[in-house]
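As a plain string of letters, each chain reads:
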Amino acid sequence: GLPYVDGSGNPKHRFTFFAPLADSVREAEWPTVVFVHGGGWTEGDRALTFGGEDIYGNIGRFFAARGIGAATVSYRLQPEATWREQVHDVARAVEAVRQRAEAEGGNPEALVLMGHSAGAHLVTRVAVDEEEQARAGLPEAAVCGVMPISGAAFDLTDRRAFEIGENYDYYGARFGPPGEYPELPPEGPPAEWQTEASIVPFLDADEPPFLVVYAEGDYPALIRQAEVLLGALAERGIVHEEVIVPGSSHSRIVAALSRDDYVAGPAMLRFVRGLDCE
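Because the structure is predicted, anything quoted here is derived from the model rather than measured.

Report on the pattern of salt bridges, specifying residues and quantitative values.
Opposite charge on two side chains makes pairing possible when the charged atoms of those side chains draw close. Within this structure, the stated rule accounts for 15 salt bridges. Of the charged contacts, one joins Arg-100 and Glu-104 as a salt bridge, the two residues approaching to 3.2 Å between their closest N and O atoms. Taken together, the residues Arg-100 and Glu-104, both in helix 2 (residues 83-104) and 4 residues apart, mark about one turn of the helix. Notably, a salt bridge pairs Glu-187 with Arg-159, separated by 3.3 Å at the nearest N-O pair. Here Glu-187, found in the loop between helix 6 (168-175) and helix 7 (192-196), pairs with Arg-159, found in helix 5 (residues 159-163); they are 28 residues apart in sequence, far enough to count as distant. Salt bridges here are not isolated pairs; linked through shared partners, they connect Arg-76, Asp-89 and Arg-92.

I'd like a description of the side chain of Arg-46, backed by residues and values.
Within the secondary structure layout, Arg-46 lies in the loop between strand 3 (32-36) and helix 1 (55-64). No salt bridge is formed by the buried Arg-46. Its closest oppositely charged neighbour is Asp-45, at 4.2 Å. Here the side chain of Arg-46 touches Thr-16 through a polar contact of 2.9 Å, side chain to side chain. Of the polar contacts made by the side chain of Arg-46, one reaches the side chain of Ser-74; its length is 3.0 Å. In this structure, Arg-46 is in contact with Gly-1, Pro-11, Arg-14, Phe-15, Thr-16, His-37, Asp-54, Tyr-56, Gly-57, Thr-72, Val-73 and Ser-74, ignoring residues within four places of it in sequence.

Outline the pairing of strand 2 (residues 14-18), listing residues and values.
Counting buried positions along strand 2 yields 4 of 5 residues, so the element is predominantly enclosed. By the bridge criterion, 2 bridges tie strand 1 (residues 2-3) to strand 2 in an arrangement that is antiparallel. Directly across from Leu-2, in strand 2, lies its bridge partner Phe-15. Bridge count between strand 2 and strand 4 (residues 69-73): 4 bridges; the pairing is antiparallel. In the strand pairing of strand 4, Phe-17 is matched with Ala-71.

Describe the environment of Gly-237, with residues and values.
Within the secondary structure, Gly-237 is located in the loop between helix 8 (220-235) and strand 8 (240-249). We classify Gly-237 as exposed; its relative accessible area is 57%.

Describe the layout of surface pockets, listing the residues and the values that go with them.
What the largest pocket holds in volume is close to 640 Å³. Every residue lining the largest pocket is counted, 29 residues in all, and those nearest its centre are Gly-39, His-116, Ser-117, His-250 and Ser-251. Contributions of two or more residues to the lining of the largest pocket are made by helix 1, helix 6, helix 8 and helix 9 (253-256). Broken down by element, the residue count for the lining of the second largest pocket peaks at 3 residues, all from helix 4 (residues 130-135). Grouping the constituent residues of the lining of the second largest pocket by class yields 12 nonpolar, 1 polar and 6 charged.

I'd like a rundown of the nonpolar core, residues and numbers included.
Ranked by internal contacts, the top residues of the largest apolar core, which has 61 residues, are Tyr-171, Phe-175 and Leu-203. Residues in contact with Leu-203, not counting those within four places in the same chain, are Val-128, Phe-210, Leu-229, Ala-232, Leu-233, Arg-236 and Ile-238.

Residues and numbers for the sheet that holds strand 6 (residues 143-149), please.
As summarised here, the arrangement of the 8 strands in space is 1-2-4-3-5-6-7-8, forming an open sheet in which the pairing is mixed. This sheet does not close on itself; its edge strands, each paired only once, are strand 1 and strand 8. Sheet strands in contact with helix 3 (residues 118-128) are strand 3, strand 5 (111-116), strand 6 and strand 7 (210-217), and its direction is about 150° off that of strand 5. Most of the contacts of helix 8 go to strand 7, to which it runs at about 155°, and overall it touches strand 6, strand 7 and strand 8.

With reference to specific residues and values, describe the packing of aromatic side chains.
Under the criterion given, the structure shown has 13 aromatic pairs. Plain terms: the ring middles of Phe-62 and Phe-63 are 5.3 Å apart, the flat faces sit at 80° to each other, and that makes the pair edge-to-face. With respect to burial, Phe-62 and Phe-63 carry one shared label: buried. Through a chain of ring-to-ring contacts, three or more aromatic side chains come together here, namely Trp-41, Trp-83, Phe-162, Tyr-168, Tyr-170, Tyr-171, Phe-175, Tyr-181 and Trp-193.

Please set out unusual backbone geometry residue by residue, giving values where relevant.
Here Gln-78 and Pro-79 are connected by a cis peptide whose omega angle stands at 10°. Here Pro-79 lies in the loop between strand 4 and helix 2. Of note, Ser-117 is a non-glycine position whose phi angle comes to about 60°, a positive value. Mapped onto the fold, Ser-117 is located in the loop between strand 5 and helix 3. On the basis of relative accessibility, which here comes to 10%, the residue Ser-117 falls in the buried class. Even without being a glycine, Ala-141 presents a positive backbone phi close to 70°.

Conventions used here
- Residues numbered from 1 in each chain as written.
- Predicted model: local features only at pLDDT ≥ 70, side-chain atom pairs only at ≥ 80, totals over all residues.
- Heavy atoms only, no water.
- Salt bridge = Lys/Arg side-chain N within 4 Å of Asp/Glu carboxyl O.
- Helix = DSSP H or I, 4+ residues; strand = E, 2+ residues; numbered from the N terminus.
- Buried < 20%, exposed > 50% of the residue type's maximum accessible area, 1.4 Å probe, protein only.
- Lys, Arg positive; Asp, Glu negative; His and termini not counted.
- Polar contact = N/O pair within 3.5 Å; in protein donor to acceptor, adjacent residues only side chain to side chain.
- Contact = heavy atoms within 4.5 Å.
- Pairing = 2+ DSSP bridges.
- 1 Å grid on protein atoms, 1.4 Å probe; cavity = no way out; pocket = protein on both sides within 12 Å on 5 of 7 lines; lining within 4 Å.
- Points joined across faces, edges and corners; volume = space filled by probe spheres on them.
- Nonpolar A, V, L, I, M, F, W, Y, C, P; charged D, E, K, R; others polar.
- Core = buried A, V, L, I, M, F, W, Y, C linked by side-chain atoms within 4.5 Å.
- Axes fitted to C-alpha atoms, helices over the stretch in contact; angles between N-to-C directions.
- Phe/Tyr/Trp six-rings, centres within 6.5 Å; stacked < 30°, edge-to-face > 60°.

If you want it as structure tokens, here you go:
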């Protein structure tokens, strides 16, 4: 439970750090993976357990046992915080993890941001939003890779995602001004909040490499969101990879992230180890 906001007594302003084991394949100035949990922006915590398993902590241990630093992050939930404040929480946590990694012998310019579902939206926003990075004191180029897992809200202006299952009211309640959003409006320009909360409009050619992961049995609308993100990455010439986890679902994929006998674990290790960080 390390704090990342000075003077805050809020238990959500905490992260857990996993330094590489001394007897692992530990290398000087190792990279660090920062994991942010999902929960629809309204639920969840880094210490969540399921069936007696420390599912998020196991992700940290997975990397640490293989010579890579890791951290799991909590953040304030809605309605206590707005989505913008959640992004800022995650950015401040990333900066605190960066400092901790450097103190432990890691490379402070080799951070890989990773998140599941709503957490994928938050880490990706931090990775591409230079103003938010500067506000949190995060140096330029400290983030050298991004791994969104079964992510949501990459492009809230995409009508197709709403038409095949996304709930307009669900996202309006989380990202829009106070009010009701009973149904998708007729064809026309998207609402301002749809653009402001999205990831795709912020992408440019200078972004770090992406590893986009989702489950074969994921929600159709979230598969669509992954496809839209992948298309935008390709259009801008951003280095990226796509991994589809067979036989998995939106929820079950989390357990696959800490195992090397599933597709996701080895793919993530290859991605992190293959990054050319400063």
